[in-house]
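Next come the chains, spelled out residue by residue.
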Amino acid sequence: MTTTRPAGCSVFLVEDEVMIRMMVADMLEELGHSVAAEAGDINEAVKLAQSTDFDLAILDVNVNGKVITPVAELINARHRPFIFATGYGSSGLPEEYRDRPALQKPFQLETLAQMINNTLKERAGLGLRRPVRHHAPTGSARSDRPMTSCSG
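Residues numbered from 1 in each chain as written. Predicted model: local features only at pLDDT ≥ 70, side-chain atom pairs only at ≥ 80, totals over all residues. Heavy atoms only, no water.

Novice: Help me out: how do you make sense of the overall build of the protein in this one?
Specialist: Per the secondary structure count, the protein includes four helices and seven strands. Taken from N to C terminus, the helices and strands of the protein fall in the order β-α-β-α-β-β-β-α-β-β-α. Residue burial in the protein is summarised as follows: out of 152 residues, 45% are buried. Total accessible area on the protein is roughly 8000 Å²; 52% of this is exposed by carbon and sulfur atoms. (Helix = DSSP H or I, 4+ residues; strand = E, 2+ residues; numbered from the N terminus. Buried < 20%, exposed > 50% of the residue type's maximum accessible area, 1.4 Å probe, protein only. Areas by Shrake-Rupley, 256 points an atom, 1.4 Å probe, with all protein chains shown as cover.)

If you want it as structure tokens, here you go:
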């Protein structure tokens, strides 16, 4: 096999700094993933976490001075994997989620790719895959895509 990373994951991205959010979105696209939704504040992130279909979330820990915990709880309740992004190290993570993967900002493309791969492999190992749907033709709506294309 020539490919070692999952292809075509849809990612929910929460980051309050617009330039960082744009940079991460570009990195995700370069890795072959798509951004399902973006949020720059907690209230918007809560709404999107409840209503958006995504395979994985990347969550800034501190969003405009507010801790991301309410959003992480919603995503966790939906059984979706998530990765924290923080400039504060693991001590800056919400205490109840210190066992979750965390990217130390700033991070490189390779680090992001590895973190996504590891998170999805771990999720697949726990048997947390979403139900498999039939493959949709190229160019069809994202929601028709099976989770297995992103679960490693």
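Picking up after the structure, the text goes on.
Novice: Got a minute to help me understand the packing of helix 1 (residues 18-30) against helix 4 (residues 109-125) in this structure?
Specialist: Each pair of packed helices can be described by the angle between their axes along with the distance between the axes. Where helix 1 contacts helix 4, the two axes come as close as 10 Å, and the packing angle between them is 65°. For the element pair helix 1 / helix 4, the angle class is roughly perpendicular. Our pair here, helix 1 against helix 4, has a crossing hand that is right-handed. Of the residues in helix 4, those touching helix 1 at Met27, Leu28 and Glu30 are Leu109, Leu112 and Ile116. Looking at side-chain class alone, the contact of helix 1 with helix 4 contains five nonpolar, no polar and one charged residues. (Axes fitted to C-alpha atoms, helices over the stretch in contact; angles between N-to-C directions. Parallel < 35°, antiparallel > 145°, perpendicular 65-115°, else oblique. Left-handed = near helix turned anticlockwise from the far one by under 90°. Contact = heavy atoms within 4.5 Å. Nonpolar A, V, L, I, M, F, W, Y, C, P; charged D, E, K, R; others polar.)

Novice: What exactly am I supposed to notice about the packing of helix 2 (residues 42-51) against helix 3 (residues 69-77) here?
Specialist: Two numbers describe how helix 2 lies on helix 3: the axes approach to 9 Å, and their chain directions differ by 5°. Between helix 2 and helix 3, the crossing angle belongs to the class labelled roughly parallel. Across from Ile42, Ala45, Val46, Ala49 and Gln50 in helix 2, the residues of helix 3 making contact are Pro70, Val71, Leu74 and Ile75. When its residues are assigned to classes, the contact of helix 2 with helix 3 shows eight nonpolar, one polar and no charged.

Novice: Sorry, what's going on with empty space enclosed by the protein here?
Specialist: Taking a probe equal in size to a water molecule and rolling it over the atoms shows the remaining empty space. According to the stated counting rule, one finds one cavity of 30 Å³ or more in the structure shown. Computed from the structure, the largest cavity encloses a volume of approximately 40 Å³. Residue assignment for the lining of the largest cavity shows that the elements contributing at least two residues are strand 1 (10-14), helix 1 and strand 3 (56-60). Split by residue class, the lining of the largest cavity holds seven nonpolar, no polar and two charged. (1 Å grid on protein atoms, 1.4 Å probe; cavity = no way out; pocket = protein on both sides within 12 Å on 5 of 7 lines; lining within 4 Å. Points joined across faces, edges and corners; volume = space filled by probe spheres on them.)

Novice: Even after reading the chapter, I still don't get a negative patch on the surface, so can you show me in this structure?
Specialist: On the surface, a cluster of negative charge is made up of Asp26, Glu29, Glu30 and Glu110. You can see Glu30 is positioned in helix 1. For Glu30, a relative accessible area of 58% corresponds to the exposed category. (Patch = residues over 30% accessible without salt bridge, like charges linked within 9 Å, V, L, I, M, F, W, Y side chains within 5 Å. Salt bridge = Lys/Arg side-chain N within 4 Å of Asp/Glu carboxyl O. Lys, Arg positive; Asp, Glu negative; His and termini not counted. Charge placed at Lys NZ, Arg CZ, Asp CG, Glu CD.)

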